[in-house]
Each structure stands twice: as structure tokens, then as C-alpha cells.
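Each chain is listed here by its residues.
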Amino acid sequence: MANPNPPFVYDPPMVPQLDILHADDQILVLNKPCGLLSVPGKAEAHKDCLEARAQTAFPDARIVHRLDMDTSGVLVMAMNPQAHRHLGLQFERRKTNKTYIARVWGHVTNDTGLVDLPLRCDWPNRPRQMVCHELGRPAQTHWKVLARERETTVVELSPITGRSHQLRVHMLSLGHPIIGDRFYAQGSALTAGDRLHLHARSLGLHHPADGEFIWFHSDVPF
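Analysis parameters
- Residue numbers here run from 1 along each chain, matching the order of that chain's written sequence.
- Local features in a predicted model are, by the rule used here, given only for residues with pLDDT of at least 70; side-chain atom pairs are given and counted only at 80 or more, and totals for whole chains, interfaces and linings are based on all residues.
- Water and hydrogen atoms play no part in the side-chain values, which are based on all heavy atoms of the structure.
- Three exposure classes are used, based on accessible area relative to the maximum for each residue type with a 1.4 Å probe and protein chains only: buried under 20%, partly exposed in between, and exposed over 50%.
- By the criteria applied, helices consist of DSSP H or I runs no shorter than four residues and strands consist of E runs no shorter than two, each listed in order from the N terminus.
- A pair of strands counts as paired when DSSP detects no fewer than two bridges linking them.
- We define a salt bridge as a side-chain nitrogen of Lys or Arg found within 4 Å of a carboxyl oxygen belonging to Asp or Glu.
- Throughout, nonpolar core names a set of buried Ala, Val, Leu, Ile, Met, Phe, Trp, Tyr and Cys residues whose side chains join them through atoms within 4.5 Å.
- We call two residues in contact whenever any of their non-hydrogen atoms come within 4.5 Å of each other.
- Whether two aromatic rings pair depends on their centres lying within 6.5 Å, for rings of Phe, Tyr and Trp, where Trp uses its six-membered ring; planes under 30 degrees apart make the pair stacked, over 60 edge-to-face, and the rest tilted.

### Observations concerning the pairing of strand β12 (residues 213–217)
Remember that side chains alternate between the two faces of the sheet whenever the strand is regular.
Part 1 of the reasoning: In β12, alternate side chains face the same way, and those of Ile214 and Phe216 are buried while those of Phe213, Trp215 and His217 on the opposite face are not.
Part 2 of the reasoning: Across five bridges, strand β11 (residues 198–206) lies against β12 in antiparallel orientation. Following the sheet pairing, Ser202 is matched in β12 by His217.
Part 3 of the reasoning: Hairpin connection, β11 to β12: the antiparallel pair is bridged by six residues, and Gly211 has positive phi, about 80°.

The structure is reproduced here in C-alpha cells:
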């Protein structure tokens, strides 16, 4: 088992300072790099984050959803209170569409599948999460194999719910931890990559201005 509380050293990438995919008077869509917090941490040394960087250029920008620090990819922010409420309700009511790409350790046998396992926080080892059929909250993830490599498999992940560490724990439950996952991988699965191989490749949502469903995409960096 991986160290449940690995030492945390916050060293966020500085270039680019902000990678803007789209901006208008309603939404700001960013490409978050691996290693940068979505929102500030409690410690002063952890104040640098995507939200703070966005607000230096767009003071009214506010976070709507988050990506784990180690996860990269598409993230949307709201540019006014009305847009914030509109987007927040979309995420709450599962009206958005999110697609992730992950490289996992080992060879996944089937081509597609659904993981339906409830999750809750592993409190003694937080922020780790765990499967719990008694107290866990419902969590579902569709997955599809994109490529089979010598020691790993590239999969497309489409979460139905949005629980913390959901994709990491669901892949682990299949026996295929995500490469470079400092919380859930061990041995070769941990050391095979210099980062977590999980990327939010696309996000589809209804634009707050007119309700049109639009997609935003980010190239996979690993």
C-alpha cells in the first residue's frame, strides 16, 4: 500500500502563469497545470492557486468546481454571481459533461465498463478516500479503453458523480491504479510517471448567457 500520508511539498509550476482557453463576460475557462491548487490552502505557503492567479487578470472570477492539485485540464470559473449560480446548478444537477484521460498500471481486460462503488473519506488518512458500502456516497464512473501499452493502459473516464478522488479510487478498485498517484499507487505504478497521469480533457456545459451547450478541450500533456 502506498504511504497514506506522503510528505507534501508545494512547488507549483510558474510557467505559464495562466493558460486561458476561453474568456467572455460570463465564463472563464482555464487549462490547469498539474501541481497547482485550484483554491488556496490553509497555510500561507499554499496561497498560490488557480483562482488567485485568475483573479489577478479577472478580479470578478470565482471558482465553480475544482480539480485535484495533481490533476491537470479544463476548469471553468464564473465571471459574475448570476453565472456562478447558473454553473453551480449545472454541476449539482449533472447537466455538465466531463471527460478525463488516465494512464493506469497493468492491462485492463475488458474494453468498457462502469464502476459503481460508494465513497467516503478515510478520515485517519485524509485526504484519501475509500469504498464504503455502509456510509459512502453514491459514485459512478464510466470507463473505456483507448490504448493498451506494454505495461499500462490508457483509458477514457466519464464520471457521472463528482466525488473527491473518485476516478483514482475507482481505477484502484479495478486493480489498475493511475500512474504516478502518490496516494493510491505503489511500486512501479507510482514511479512509472513523474506526475499523476490524469487529465481533464474536455468539459461540456450550457453557457449562462443563452443556454447553448458548448465544449472546451485541452490536449493531454502526458
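Let's pick the thread back up.
### A closer look at the pattern of salt bridges
Part 1 of the reasoning: Taken as a whole, this structure holds ten salt bridges when the rule is applied.
Part 2 of the reasoning: With its nearest N and O atoms 2.8 Å apart, the salt bridge here joins Asp48 to Arg53.
Part 3 of the reasoning: By relative accessible area, Asp48 is classed as partly exposed at 23%.
Part 4 of the reasoning: Three or more residues are tied together by salt bridges with common partners; here these are Asp68, Asp70, Arg168, Asp181 and Arg182.

### Here we look at the nonpolar core
Part 1 of the reasoning: Counting 32 residues, the largest nonpolar core has Leu28, Met77, Leu157 and Leu198 as its most contacted members.
Part 2 of the reasoning: Those elements giving two or more residues to this core turn out to be β2 (27–32), α1 (50–57), β4 (72–78), β5 (97–105), β9 (140–148), β10 (152–159), α3 (166–173) and β11.
Part 3 of the reasoning: Ranked by residues supplied to this core, first place goes to β5 with three residues.
Part 4 of the reasoning: With sequence-adjacent residues up to four places away left out, Leu198 is seen in contact with Asp70, Thr71, Ser72, Tyr100, Ile101, Ala102, Leu157, Leu167, Ile178 and Phe222.
Part 5 of the reasoning: If you look at the next biggest cluster of nonpolar residues, it comprises twelve residues, including Ile27, Val29, Val76 and Leu205.

### Considering the packing of aromatic side chains
Part 1 of the reasoning: Scanning all chains against the criterion turns up two aromatic pairs.
Part 2 of the reasoning: Aromatic side chains Phe183 and Tyr184 sit 6.3 Å apart centroid to centroid with 55° between the ring planes, which places their arrangement in the tilted category. The burial state of Phe183 is the same as that of Tyr184; both residues are buried.
Part 3 of the reasoning: Ring geometry for Phe213 versus Trp215: centroids 5.7 Å apart, planes at 80°, classification edge-to-face.
Part 4 of the reasoning: Judged by its relative accessible area of 32%, Phe213 is partly exposed.
Part 5 of the reasoning: Looking at Trp215, the relative accessible area reads 38%, which means it is partly exposed.

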